[in-house]
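Inside the fold
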Amino acid sequence: MSDESPADGLMSRLSLIEDQALESRAAAFTQIHDELQQQLDGKDAFSRNG
């Protein structure tokens, strides 16, 4: 079991991305953006329907 919060996990991912080559960073940041957007869209849909 991990004591890492979602924010800690995100910060760890961002730290790893920062060490990558520029092309890899762009793709990784895009992936994180897409994941966060899906979470926000899901919560928005829930609040409108709930």
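Structure: above.
Once a new chain begins, its residue numbering starts again from 1 and follows that chain's sequence as written. Thresholds applied to this predicted model are a pLDDT of at least 70 for local features of residues and 80 or more for the giving and counting of side-chain atom pairs; totals over whole chains, interfaces and linings are not thresholded and use all residues. Only hydrogens and water are set aside when side-chain values are computed; all heavy atoms of the structure are taken into account.

1. A few points about the overall build of the protein
The condition that has to hold: Counting from the N terminus, the helices are DSSP H or I runs at least four residues long and the strands are E runs at least two residues long. Think of it in three bands: residues with accessible area under 20% of the maximum for their type are buried, residues over 50% are exposed, and the middle band is partly exposed, with areas taken using a 1.4 Å probe on protein chains only. For every accessible area listed, the method is Shrake-Rupley and the probe measures 1.4 Å; residues are considered covered only by the protein chains on display.
When helices and strands are tallied, the protein shows 2 helices and 0 strands. Within the protein, the proportion of its 50 residues that are buried is 8%. Accessible area of the protein: about 4400 Å², with a carbon and sulfur share of 56%.

2. Focus on the pattern of salt bridges
For clarity, the cut-off: Salt bridges are defined by distance alone: a side-chain nitrogen of Lys or Arg within 4 Å of a carboxyl oxygen of Asp or Glu.
All told, the structure shown has 1 salt bridge when counted by the stated rule. Put simply, Arg13 and Glu35 hold a salt bridge, and the shortest N to O gap is 2.7 Å. Highlighted residues: Arg13 in helix α1 (residues 6–18) and Glu35 in helix α2 (residues 22–49), separated in sequence by 22 residues. Exposure remark for Arg13: the relative accessible area of 34% places this residue in the partly exposed category.

3. Here's the deal with the environment of Arg13
Using the following cut-off: Note on contacts: a residue pair is in contact if any heavy atoms of the two residues lie within 4.5 Å. Two N or O atoms form a polar contact when they lie within 3.5 Å of each other; inside protein one atom must be a possible hydrogen donor and the other a possible acceptor, and for residues adjacent in sequence the pair counts only when both atoms belong to side chains.
C-alpha separation for the pair Arg13 and Ile32, spaced 19 residues apart in sequence, amounts to 8.9 Å. Apart from the residues within four sequence positions on either side, Arg13 is in contact with Gln31, Ile32 and Glu35. At 2.7 Å, the side chain of Arg13 and the side chain of Glu35 are in polar contact.

Geometric values such as these leave the question of function open.
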